[in-house]
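Chain by chain, the residues:
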Amino acid sequence: MPYTLFETREGRQRGGYRAFAATVMAGIAVIWGYRAAEIPAAGDPGRWPWIGIFISEILFGLYWILTQSVRWRLTYNFPFKDQLSLRYSDDQLPNVDIFVCTADPIIEPPVLVISTVLSAMAYDYPPEKLAIYLSDDGGSEFTFYALIEASNFSKHWLPFCRKFKVEPRSPEAYFSLDSALHNCSQEWIHMKKLFDEMKERINSVVEMGRVPKEIRDQNKGFSEWDNGVTKQNHQSIVKIIFDGKNHDNVDIDGCVLPKLVYMAREKRPQQPHHFKAGAMNALIRVSSEITNAPFILNLDCDMYSNNQDTIKELLCFFLDGKRSQDIAFVQFPQDFDNITKNKLYGLPDQVINEIELTGIGTYGTALYCGTGCFHRREALCGKKYSEDFNGSVHLDAQTNKEDPKTINELEEACKLLVDCNFENGSQWGKEMGLVYGCPVEDIVTGLTIQCRGWRSVYYNPKKRAFLGVAPISLDVYLVQFKRWSEGMFQIFLSKYCPFIYGHGKIKFGAQMGYCVYLLWAPLSLPVLYYATVPAICLLRGIPLFPEVTSLWAIPFAYVFVTKTCWSIVETITCGSTLKAWWNLQRMLLFRSTTAFFFSFIDTIIKQLGLSQTKFAVTAKVAAEDVSKRHEQEIIEFGSSDIMSTMIATLAMLNLFGLLLGIKNVAALDLESFYKGMNKFILQTLVCGLIVMANLPTYEALFVRKDKGRLPASVLFRSVVLALLPCLLFAY
């Protein structure tokens, strides 16, 4: 009887959630009924604000209905890697190609990149079946030099990892652990010394701004940079550092090393290069020529391996036989190793990782998130799934496959595959590889694969498989979310809208689940309305909510309180703290009123043909003082851009609205005071909650003296902009 390599289990206690959701839906329906029945008459000053908030609450309600698609039913996947070992010997395991992508040696330092590469080389997997490909979209000789250094260091690092069962296998992460956790043996001290010396050499070369001649002379590969290579203008470069055949490609124990390849595809100023999607497609073609492994793991350069057994766990989903033939990819959640206890910036959102992504994976449509994803090559290359496809991998035929080409011949052949003109007139970026034309190429690529009949799996192991670098400053955080939300809204407005492109191809619940994220940008409109109009109307004495003593106040209170309590329960059961929940609410407010709003505006402008897609690489390193404040859980504002001004202006507007609104009510006689408070207490609570969420903003405006404060220019602009409605509408 064949061994079962994985199983899927139904989540428990969903009945309680469904009952809760039904009561919330009833409350939302009552609120809609109240809004429709109580619209002020024409000529009433509160008529248009009332209609606006009615529309906002309709949008909130519809979006909440969408979110039920990823919560209604949860299933969890469990691989059995021990069973894999019983079914397949090491000789029978399939070859695996690992792609690591980097784009800029300044924003993504070479030391960070090679730590990820080394962690991939050190998997507990037959090394002759592993191939690691580094795509350097910056075409940087510094990155190439760092990879050469890493290849030499790997000859010591891999035996060290095997001998001491090292975890994690990124040397940067491993040696950053508290030294008290280590035995600090002579071997440990020696290995750390080797690593520190390598880091010092790499950083010295980067700081010097050039690779010294004596180093260049030692490796002919540096000749590629003899002709004025720049980030946006360079020829194809492919260098096979370890080919698996050379007898010198062994570690200090005499064991073969994984194949290691450097690639920089050709880039020219007037030629579109399609950002990361173009780099991934170039990697697919190069790897097909060199190794052509049936499975591909793709990682961002800052997303190092945290579990030596990950590949074996992943293969359980592809080699099960009975239930794996239609699986195209397995996606892991994105986790980070530089987060604070209370998740200052709300990352990672454990509720998304453990509930929402699990829920959409239940439909067989796990989201492809661009990193930490294990692909079946055939599906990634455009093959459609059909029932006669058995998903089998010819395991015996792929081991130690001899290629008659020499290394130089292979390199030259691969260069032709990654020049600027290779894709012209082809299906690359359309039906083959990652899809072009969208900043979030991963999401749309996953959708197209699923619409070709394939299934995808979401796997969230207890031991985190990959750990990356999360933003530790607010401006970088918001830029990242702006790029994501803008790209996802573009998908919704394109032919790839799940309700159109996925109609009849994926389940309706999956279409809804996709739109939970694709509609982040337009969700900003009702959030922004709630963050401005109630405060302005409080100044004008215009009530927007029922009196607190009215029965109509009950559905408002019920929906708000129960949703908040359930949200807190979800957060805590997912392993976060109450303060982490509150920090996330603040970040949801910040990104909804800035990043999401501006991405909505930019997307509409692009749809009108007035702008072109741009791609921003977020920084992976920060200054020492920024890191220190992050460890102390102090928000790093420090920017005078428009998003910081928007945050500060909304904070000041709600503060003024709250204070002046209460002042105006308090100025009335006692009877009128109680009547006024009865009419405005819910509105006051809305402003008060926004003020509470913005306490760090006020501190950054008025109290802090460090570099992470908000600049005086932001203080001036925000106060002026917030005072305008106060002067116009206060009485």
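It should be emphasised that the depicted structure is a prediction, and the values quoted were computed from it without experimental measurement. (Residues numbered from 1 in each chain as written. Predicted model: local features only at pLDDT ≥ 70, side-chain atom pairs only at ≥ 80, totals over all residues. Heavy atoms only, no water.)

**Student:** What's the story with the UniProt feature "binding site: UDP-alpha-D-glucose" (unreviewed entry) in the protein chain in this structure? I'm lost.
**Tutor:** This chain's UniProt record puts "binding site: UDP-alpha-D-glucose" (unreviewed entry) on Glu108 and Asp137. The named residues occupy 30 residues along the chain; their greatest pairwise C-alpha distance, 11.3 Å, places them in one compact cluster. Tracing the backbone through its elements, the reader meets glutamate 108 in the loop between strand 3 (96-102) and helix 4 (110-121). A distance of 2.8 Å separates the side chain of glutamate 108 from the backbone nitrogen of alanine 103, its partner in a polar contact. (UniProt positions renumbered as here; feature names shortened; annotations may be inferred. Helix = DSSP H or I, 4+ residues; strand = E, 2+ residues; numbered from the N terminus. Polar contact = N/O pair within 3.5 Å; in protein donor to acceptor, adjacent residues only side chain to side chain.)

**Student:** Is there a simple way to explain the UniProt feature "transmembrane region" (unreviewed entry) in the protein chain in this structure?
**Tutor:** With numbering matched to this structure, UniProt assigns "transmembrane region" (unreviewed entry) to residues 16-36, 48-66, 514-532, 552-576, 588-605, 646-668, 680-698 and 710-730. For residues 514-532, the end-to-end C-alpha separation is 29 Å, with 95% helix and 0% strand making up the annotated structure. Counting secondary structure, residues 680-698 comes out at 95% helix and 0% strand; the distance between its end C-alpha atoms is 24 Å.

**Student:** I'm lost on unusual backbone geometry in this one. Help?
**Tutor:** Both trends apply: most residues other than glycine have a negative phi, and most peptide bonds are in trans. In the segment running from glutamate 167 into proline 168, the intervening peptide bond is cis, with an omega of -10°. Tracing the backbone shows proline 168 in the loop between helix 5 (141-164) and helix 6 (171-176). Residue leucine 347 is joined to proline 348 through a cis peptide bond whose omega torsion reads -10°. With respect to the helices and strands, proline 348 occurs in the loop between strand 10 (335-336) and helix 11 (350-361). Phi at asparagine 292 takes a positive value of approximately 55°, unusual for a residue other than glycine. By the element assignment, asparagine 292 lies in the loop between helix 9 (275-290) and strand 7 (295-300).

**Student:** Teacher, can you tell me more about the pairing of strand 11 (residues 373-376) here?
**Tutor:** In regular strands, side chains alternate between the two faces of the sheet. Residues of strand 11 alternate between two faces, with Cys373 and His375 on one and Phe374 and Arg376 on the opposite face, all of them buried. Judged from the four bridges that link them, strand 7 and strand 11 form a sheet pairing that is antiparallel. Bridge pairing links asparagine 298 to cysteine 373 in strand 11. Pairing between strand 9 (residues 327-331) and strand 11: three bridges, direction antiparallel. Counted as the bridge partner of glutamine 331 is cysteine 373 from strand 11. (Buried < 20%, exposed > 50% of the residue type's maximum accessible area, 1.4 Å probe, protein only. Pairing = 2+ DSSP bridges.)

**Student:** Teacher, can you tell me more about the sheet that holds strand 4 (residues 130-136) here?
**Tutor:** Hydrogen bonds between backbone atoms are what pair the strands of a sheet, whose relative direction is either parallel or antiparallel. One open sheet holds the eight strands; their spatial order is 5-6-4-3-7-11-9-12, and the pairing between them is mixed. Lying at the two open borders of the sheet, with one neighbouring strand each, are strand 5 (237-242) and strand 12 (455-458). Neighbour-to-neighbour, the strand axes of the sheet open up by a mean angle of 20°, direction not taken into account. Pairing between strand 3 and strand 7: six bridges, direction parallel. When the bridges of strand 7 are listed, phenylalanine 99 appears paired with asparagine 298. Its contacts with the sheet place helix 9 against strand 3, strand 4, strand 5, strand 6 (259-264) and strand 7, and it is angled at close to 145° to strand 3. (Axes fitted to C-alpha atoms, helices over the stretch in contact; angles between N-to-C directions. Contact = heavy atoms within 4.5 Å.)

**Student:** Looking at this model, I keep getting lost on the sheet that holds strand 8 (residues 304-305). Mind explaining?
**Tutor:** A sheet is described by the order of its strands in space; here three strands give the open sequence 8-13-10, paired in mixed fashion. Both edges of this open sheet fall to strand 8 and strand 10, since each of them pairs with a single strand only. Sheet topology note: the strand 8/strand 13 (residues 466-468) ladder contains two bridges and is antiparallel. Within strand 13, the residue paired with tyrosine 304 across the bridge is leucine 467.

**Student:** I'm lost on a nonpolar patch on the surface in this one. Help?
**Tutor:** Residues Leu493, Ile601, Ile604, Ile605, Leu608 and Leu610 make up a contiguous nonpolar surface patch of roughly 520 Å² in combined accessible area. The topology assignment puts isoleucine 605 in helix 22 (residues 595-607). (Patch = residues over 30% accessible without salt bridge, like charges linked within 9 Å, V, L, I, M, F, W, Y side chains within 5 Å. Areas by Shrake-Rupley, 256 points an atom, 1.4 Å probe, with all protein chains shown as cover. Salt bridge = Lys/Arg side-chain N within 4 Å of Asp/Glu carboxyl O.)

**Student:** For this particular structure, what's the right way to read the nonpolar core?
**Tutor:** A general trend in soluble globular proteins is that nonpolar side chains are found buried together. Formed by 104 residues in total, the largest nonpolar core has its most connected members in Leu367, Leu474, Tyr477, Ile491, Tyr514, Tyr517 and Phe545. The next biggest cluster of nonpolar side chains, apart from the first, holds 76 residues, and it includes Phe142, Leu260, Phe317 and Ile327. (Core = buried A, V, L, I, M, F, W, Y, C linked by side-chain atoms within 4.5 Å.)

**Student:** Quick question: what am I supposed to make of the environment of phenylalanine 175 here?
**Tutor:** Within the fold, phenylalanine 175 resides in helix 6. Given a relative accessible area of 10%, phenylalanine 175 falls into the buried group. For phenylalanine 175, the contacting residues outside a window of four places in its chain are Trp157, Trp188, Met191, Lys192 and Phe195.

**Student:** Would you explain the packing of helix 4 against helix 7 (residues 186-208) in this entry?
**Tutor:** The packing of two helices is summarised by the inter-axis angle and the distance between the axes. At a minimum axis distance of 10 Å, the contact between helix 4 and helix 7 shows a crossing angle of 140°. What the angle tells us is that helix 4 and helix 7 run oblique. Listed contacts from helix 7 to Pro110, Val111, Ile114, Ser115 and Leu118 of helix 4 are Phe195, Met198, Lys199, Ile202, Asn203 and Val206. Taken together, the residues that form the contact of helix 4 with helix 7 break down as eight nonpolar, two polar and one charged. (Parallel < 35°, antiparallel > 145°, perpendicular 65-115°, else oblique. Nonpolar A, V, L, I, M, F, W, Y, C, P; charged D, E, K, R; others polar.)

**Student:** I'm lost on the pattern of salt bridges in this one. Help?
**Tutor:** When charged atoms on two side chains of opposite charge get close, those side chains can pair. What the rule picks out here adds up to 38 salt bridges. For the salt bridge of aspartate 253 with arginine 162, the shortest nitrogen-to-oxygen distance reads 3.8 Å. Of this pair, aspartate 253 sits in the loop between strand 5 and strand 6 while arginine 162 is found in helix 5, placing the two residues 91 residues apart along the sequence. Of the charged contacts, one joins aspartate 706 and arginine 704 as a salt bridge, the two residues approaching to 2.9 Å between their closest N and O atoms. Taken together, the salt bridges that share partners define one network made up of Glu224, Lys239, Glu411, Glu412 and Lys415.

**Student:** What's the story with helix 9 in this structure? I'm lost.
**Tutor:** Each turn of an α-helix holds 3.6 residues, which means side chains three or four residues apart point in the same direction. In a regular helix each residue adds 1.5 Å, so 16 residues correspond to 22 Å; helix 9 covers 23 Å between its end C-alpha atoms and thus fits that length. Taking burial as the measure, the 16 residues of helix 9 include 13 buried ones, the bulk of the element. Note on helix 9: the residue one or two positions beyond its end, asparagine 292, has a positive phi of about 55°. (Expected span 1.5 Å × (residues − 1).)

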